[in-house]
Amino acid sequence: MPVPRPARPIPAAAEHGPSADALLVQVARGDQDAFGELYDLVSGAVFGTIRGVLRDPAQSEEVMQEVMIQVWRTASRFQADKGSGMNWVLTLAHRRAVDRVRSEQATVDRDHKAALLDNTPAYDHVTEQVEARLEHQQVRRCLRFLTQLQREAVTLAYYRGLTYREVAELLGLPLGTVKTRLRDGLIRLRDCMGVEA
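Every value quoted in this text rests on a predicted model; they were computed, and no experiment measured them.

> Can you walk me through the confidence of the model for the protein in this structure?
Any segment with low pLDDT has predicted coordinates that should not be analysed in fine detail. Mean pLDDT for the protein: 84, with 87% of residues reaching 70 or above. Long-range and interchain partners of residues 1-14, a stretch whose pLDDT sits below 50, account for 4 contacts in this model, where long-range means more than four residues apart.

Structure (structure tokens):
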């Protein structure tokens, strides 16, 4: 006579209890018991989905808790006509896991950039001031090589911040003439200062 095998528990998904769809409707109404049943029904699949993305068991557990809290808070957003309740929950789990991966990568990238910035030399105020002073002297020297009208137009536009139209009105010249003088003056300044175009 064959020895009877002990009865194995039936997996939650195969039980004839309420479906994830029906439980989500009840959870949306604030039914805590329905949430407990839903948790039992989906938790294995949710954890498996998350673990497949994250690999790390501790992070997977954290994200699973976040997903289940999100399910509790947003169950009213579930729409049965757009898919099953199980798929809706698993989609939330997958998205949350991917978000965690992206967040971790962003943290690594920020730390890497911060480490690079720590290795850059300190800003040297004295050197910066000397360089700025030398540039000003070179610009002043090069301004002497411009015609009087070019020098006036460049000075008004770039040192006093006037628009081309305002420069034209102030000098009593047509706008096209001012633009031409400014362009020619800037070309001569560039050539004098040895700047590549």
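> I would appreciate a short explanation of a nonpolar patch on the surface in the present structure.
Nonpolar side chains collect at one region of the surface, where Tyr-158, Tyr-159, Tyr-164 and Leu-186 lie side by side and expose about 400 Å² of accessible area between them. Within the element layout of this structure, Tyr-158 appears in helix α6 (residues 148-159).

> Would you mind showing me how to read the state of the cysteines here?
As used here, a disulfide is simply a covalent bond connecting the sulfur atoms of two cysteines. Under the counting rule described, the total for this entry stands at 1 disulfide. A sulfur-sulfur distance of 2.0 Å marks the disulfide that ties Cys-142 to Cys-192. Across the disulfide from Cys-142 to Cys-192, rotation about the S-S bond amounts to roughly -75°, and the bridge is consequently left-handed. Linking Cys-142 in helix α5 (residues 125-143) with Cys-192 in helix α8 (residues 175-193), this pair joins segments that are 50 residues apart in sequence. Exposure remark for Cys-142: the relative accessible area of 1% places this residue in the buried category. Judged by relative accessible area, Cys-192 falls into the partly exposed class, the value being 24%.

> When you look at the nonpolar core in this model, what are you seeing that I'm missing?
Nonpolar side chains tend to gather and get buried jointly when the protein is soluble and globular. By size, the foremost hydrophobic cluster in this structure holds 25 residues, and its most contacted members are Leu-24, Leu-38, Val-46, Ile-50, Val-67 and Val-71. For this core, the secondary-structure elements that each account for two or more residues are α1 (20-28), α2 (32-54), α3 (57-74) and α4 (85-118). Among the elements that line this core, the one with the most residues is α2, at 8 residues. Ignoring sequence-local partners within four residues, the contact set of Ile-50 consists of Arg-55, Ser-60, Val-63, Met-64, Val-67, Ala-93 and Ala-97. Cys-142, Leu-156, Ala-168 and Leu-189 belong to the second largest nonpolar core, which has 13 residues in total.

> Any chance you could explain the side chain of Arg-100 here in plain terms?
Mapped onto the elements of the fold, Arg-100 is located in helix α4. On the basis of relative accessible area, Arg-100 is assigned to the buried category, the value being 13%. Aside from chain neighbours lying at most four places away, what touches Arg-100 is Leu-54, Gln-59, Glu-62, Val-63 and Glu-66.

Analysis parameters
Residues numbered from 1 in each chain as written. Predicted model: local features only at pLDDT ≥ 70, side-chain atom pairs only at ≥ 80, totals over all residues. Heavy atoms only, no water. pLDDT = per-residue confidence, 0-100. Contact = heavy atoms within 4.5 Å. Patch = residues over 30% accessible without salt bridge, like charges linked within 9 Å, V, L, I, M, F, W, Y side chains within 5 Å. Areas by Shrake-Rupley, 256 points an atom, 1.4 Å probe, with all protein chains shown as cover. Salt bridge = Lys/Arg side-chain N within 4 Å of Asp/Glu carboxyl O. Helix = DSSP H or I, 4+ residues; strand = E, 2+ residues; numbered from the N terminus. Disulfide = S-S within 2.5 Å. Buried < 20%, exposed > 50% of the residue type's maximum accessible area, 1.4 Å probe, protein only. Core = buried A, V, L, I, M, F, W, Y, C linked by side-chain atoms within 4.5 Å.

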